[in-house]
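# Structure at a glance
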Amino acid sequence: SDVDAAIEDLLKQGFIVQVSLSEPALYGFRHALIRETIYKALLRAPRQGYHGRIFAAVHGNRHSAPWIGTAALAEHAENAGLIAEAIECLVTAGGENASRSAMTEARQLLEHALGLCRDIDDKSRRESLMLKTMAVLGPVLTTSEGPGSEPAQRLYEDGIEIARRRPQAERATWFPIYWGWWFTGSDVNGERAHALLDEMKDVDNAEVQLQSRHCVWAIDFYLGRHGICVSSVDEALPLYEGHPELRNPSHYGGHDTKVCGLAHRGLSLWFKGRTAEAIASLRQAKDWAGQTGHV
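Attention here is on the structure that accompanies the text. (Residues numbered from 1 in each chain as written. Predicted model: local features only at pLDDT ≥ 70, side-chain atom pairs only at ≥ 80, totals over all residues. Heavy atoms only, no water.)

## Considering the environment of D158
Mapped onto the fold, D158 is located in helix α8 (residues 150-163). Residues D158 and L116, 42 residues apart in the sequence, show an inter-C-alpha distance of 16 Å. (Helix = DSSP H or I, 4+ residues; strand = E, 2+ residues; numbered from the N terminus.)

## Notes on a nonpolar patch on the surface
Together, L10, F15, F29 and I38 give the surface a local cluster of nonpolar side chains, amounting to about 330 Å² of exposed area. Structurally, F15 can be placed in the loop between α1 (2-13) and β1 (16-20). We classify F15 as partly exposed; its relative accessible area is 37%. (Patch = residues over 30% accessible without salt bridge, like charges linked within 9 Å, V, L, I, M, F, W, Y side chains within 5 Å. Areas by Shrake-Rupley, 256 points an atom, 1.4 Å probe, with all protein chains shown as cover. Salt bridge = Lys/Arg side-chain N within 4 Å of Asp/Glu carboxyl O. Buried < 20%, exposed > 50% of the residue type's maximum accessible area, 1.4 Å probe, protein only.)

## A look at the packing of helix α11 (residues 206-220) against helix α13 (residues 257-271)
The relative placement of two packed helices is expressed as an angle between their axes plus a distance between the axes. The geometry of α11 relative to α13 is characterised by a closest axis approach of 11 Å and an angle of 35° between their N-to-C directions. Taken as a pair, α11 and α13 cross one another with a handedness that is left-handed. Here L210, Q211, H214 and W217 of α11 lie close against α13, whose contacting residues are T257, C260, G261 and H264. When the residues that make up the contact of α11 with α13 are grouped by side-chain class, the tally is three nonpolar, five polar and no charged. (Axes fitted to C-alpha atoms, helices over the stretch in contact; angles between N-to-C directions. Left-handed = near helix turned anticlockwise from the far one by under 90°. Contact = heavy atoms within 4.5 Å. Nonpolar A, V, L, I, M, F, W, Y, C, P; charged D, E, K, R; others polar.)

## Remarks on the packing of aromatic side chains
All told, the structure shown has nine aromatic pairs when counted by the stated rule. Each ring, one from W179 and one from Y252, has its centre 5.3 Å from the other, and the planes form 65°; the classification is edge-to-face. In this pair, W179 sits in helix α9 (residues 175-183) while Y252 sits in the loop between α12 (226-242) and α13, placing the two residues 73 residues apart along the sequence. The same class applies to W179 as to Y252, namely buried. When the centroid spacing of 6.3 Å and the interplanar angle of 45° are considered together, the rings of W182 and F183 count as tilted. Members of the aromatic cluster, each reached through a chain of ring pairs, are F175, W179, W182, F183 and Y252. (Phe/Tyr/Trp six-rings, centres within 6.5 Å; stacked < 30°, edge-to-face > 60°.)

Okay, structure coming up:
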C-alpha cells in the first residue's frame, strides 16, 4: 500500500525506526529533534487537523493507541482547538493521578483545565465545566494544602457561588462542591452545615441526604447539640442501609459514614445520660468498622 511504501522510504532515509515487532508494527522518530523540526514546519491549520484526527481516532477507541495516555489525549484536543474536550480529558487525567496519590501532577492538570474554561464562550457550558473541574481539584487541594488552606477555601468559595446560580435540578450533581464548601469553612457555629442541609432539603438523592446529615452531626456533636446529633444520625442510617452503593469511605471525610454516625450517636447519648443506649451504639460502630475492614 501507499502507507507501507512511505514507511519503508522513511526507514531507509533514517527519519524513523521500528520500535516494536508487534502486529501491527510500531514506529517512532529516530530522534526527538527530527520530530520537532517536522512539527514546527507544519502550518497551523494542517497541524490542528492532524491533532484533531488523532484525538478523534484515539478518543473513539482507547485500545487503538494504549501508549497515548489521557493527559496526552487532552493535549491533542487542546492543540486541535477542541477546548471543551480537552478540559474533559484533563479532569479525567487529574482524577487518575489523584487516585495514585500523584497530587502534584493532578493539581497541574486540573488547574490547567480550570484556566482553559475561560476560553469556553457559552456561559452555561463554561460554568458546568468549571464545577466539574473544581469537584476533582478540591480534594486534591485539601489533601496537599490542607482543608483550611487559602487555595482550598478560595476554590470552594468560588465554586459555591457558581453552583448556587445553577438550576435546582443540578444540586445533586454539584453536591461535592457544597460539601467541600462546608469542609473548608472556618465558622464555629455550624451555620454552613445547616445551610447545606436546608439547601438540599428538596433534592431527591439518597447520597445527598445522607452526607448532608453527616455534616450536621459532625459539627453539632462538638457544639454540644446532642439531641440534633442523635436525630441526624437516626435520619441518615436508613439511607445508608438502603443504598449499599453509597458505602465508599474515600468520598466524604475519608471514613465510613455509618461508623462515624454510630460513634457520634453513642457519645451524644452518653452525654445525655442514656448510658445503655450509648454503649449499644458504640458497640455497633465497632462491629461495623470490623466488618468493613476500613482502617
